[in-house]
Amino acid sequence: MITNFEQIYERLRSKSKKRLVAAWSVDDHTITAAYKAVQMGIVDATLVGDTEMIRQVCRNENIDPSVFTIIHNDNELNSIAQAVGMVREGQGDILMKGLCSTDKYMRGILNKERGLLPPKAVLSHVCVLGNPNYHKLIVLGDMAVIPLPDLNQKIAITKYLVNTAKALDIAKPKVALLAATEQMLPGMQACVDAAIIAKMIERGQIPGCVGDGPLALDVAISAEAAAIKKLQSPVAGDADCLLFPNIESANVFYKVNSQLCKDVKQAAIVAGAMAPCVLSSRADSIDTKLNSIALAALSAK
């Protein structure tokens, strides 16, 4: 079982390198993260974007541009389409978002004719988070793609969380289906959906995991809180995966960790596409982007 990001990097060093294609990769954070990943031997990297902008960043950051394959494209939207097309055609194993906005990046992925969306697939944003106040990594979603997931979308997100946890060598992930309370309140849709998914997991309709819900966040990750509330649960206090009821709650949780918690490590990808797609905020640190490349490499086929 992988319990921290250092172990992810150790695992990747023993595997064959993946091919990374970065779309509109003209900013220092994207280029530096890709450079570090290349230096660590976990990917070969192709940068798609304005060549002079890329080379200027390399000069500023003392990076040798020869470690990359650089494909000139001086138009942001066209560079996204070109990078997506390369991954679609098998020239890359991982897509990465550069300086482009999330909506433009996602439009490229979602393009019906030239994108990376399989038929009838649901795309979701999956994050792996390491907080020193918790005893292992947490897999969570969705904080960036689906604003208000319905039951079917929540089922799809749950499966992505479980698959990501299994990539971390968690044999039977514990999934906490979150709401504002661990009480079963029929008038609260998050509680109803959580209870349905928990029963589906119990009956093997979502195999390979253990689930419980509705659970409030405190009892999901704190054994002490569960004990105080006298909650009997196979998940409480030891959750591997957190399914949030909406984008606001997941996004706030993610950013509270990144902005207010010391020594937190994070990684995020889009799951459900033809290949893992690194999706981190333009404001995310180089380390977060590097961690996201590592998570994508670990998840890639």
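See the structure printed just above.
Description of the structure in this document. (Residues numbered from 1 in each chain as written. Predicted model: local features only at pLDDT ≥ 70, side-chain atom pairs only at ≥ 80, totals over all residues. Heavy atoms only, no water.)

**Observations regarding the nonpolar core**
Short version of the rule: For the purposes of this section, nonpolar cores are sets of buried Ala, Val, Leu, Ile, Met, Phe, Trp, Tyr and Cys residues that join through side-chain atoms within 4.5 Å. Burial classification: accessible surface area is computed with a 1.4 Å probe over protein chains only, and a residue below 20% of its type maximum counts as buried, one above 50% as exposed, and the rest as partly exposed. Contacts are assigned to residue pairs that have any heavy atoms within 4.5 Å of one another.
If you look at the biggest cluster of nonpolar residues, it comprises 83 residues, and the most contacted ones within it are Ile-8, Phe-68, Leu-95, Ile-109 and Leu-168. Residues within four places of Phe-68 in sequence aside, it is in contact with Ile-31, Ala-34, Tyr-35, Val-38, Ala-45, Leu-47, Cys-58 and Ile-63. Of all hydrophobic cores here, the second largest spans 24 residues; its members include Cys-127, Ala-216, Ala-239 and Val-264.

**Overview of the sheet that holds strand β6 (residues 138–141)**
Operational definition: Two strands are said to pair when DSSP picks up at least two bridges between them. In DSSP terms, a helix is any run of H or I states spanning at least four residues, a strand is any run of E spanning at least two, and both are numbered starting from the N terminus. A fitted line through C-alpha atoms serves as each axis, taken over the contacting stretch for helices, and the angle formed by two N-to-C directions is quoted from 0 to 180°.
The 11 strands are arranged β3-β2-β1-β4-β11-β10-β5-β6-β9-β7-β8 in an open sheet whose pairing can be described as mixed. Taken across any chain shown, the strands that pair with only one partner, and hence form the sheet edges, are β3 (69–72) and β8 (210–215). Of the strands in this sheet, β5 (124–130), β6, β7 (174–178), β9 (241–243) and β10 (265–271) touch helix α6 (residues 151–167), which is tilted by about 165° from β9.

**Remarks on the environment of Phe-5**
As for its position among the elements, Phe-5 is in helix α1 (residues 5–13). Taking the C-alpha atoms as reference points, Phe-5 and Ala-37, 32 residues apart in sequence, are found 13 Å from one another. In this view, Phe-5 contacts Val-128, Gly-130, Leu-137, Lys-265, Gln-266, Ala-267 and Asn-291; residues no more than four positions away in its chain are not counted.

**Thoughts on the layout of surface pockets**
The criterion, for reference: The definitions used throughout rest on a 1 Å grid laid over the protein atoms alone, on which a cavity is an enclosed set of points accommodating a 1.4 Å probe that cannot get out and a pocket is an open set flanked by protein within 12 Å on both sides along at least five of seven lines; lining residues are those having an atom within 4 Å of a point. Grid points are joined across faces, edges and corners, and a volume is the space filled by probe spheres set on the points. The classification used treats Ala, Val, Leu, Ile, Met, Phe, Trp, Tyr, Cys and Pro as nonpolar, Asp, Glu, Lys and Arg as charged, and all other residues, Gly among them, as polar.
For the largest pocket, the calculated volume is near 510 Å³. Around the largest pocket sit 28 residues that line it, and Tyr-254, Ser-258, Gln-266, Asp-284 and Thr-288 are the ones nearest its centre. For the lining of the largest pocket, the elements supplying multiple residues, two or more each, are α1, α10 (247–260), β10 and α11 (286–299). Take the lining of the largest pocket: its biggest share by element is six residues, from α10. In terms of residue class, the lining of the largest pocket is built from 11 nonpolar, 12 polar and five charged. Its volume calculated, the second largest pocket comes out at about 420 Å³. Lining the second largest pocket are 17 residues, and of these Gly-272, Pro-276, Ser-299, Ala-300 and Lys-301 lie nearest its centre. Looking at the lining of the second largest pocket, the elements that each hand over two or more residues are α6, β10 and α11.

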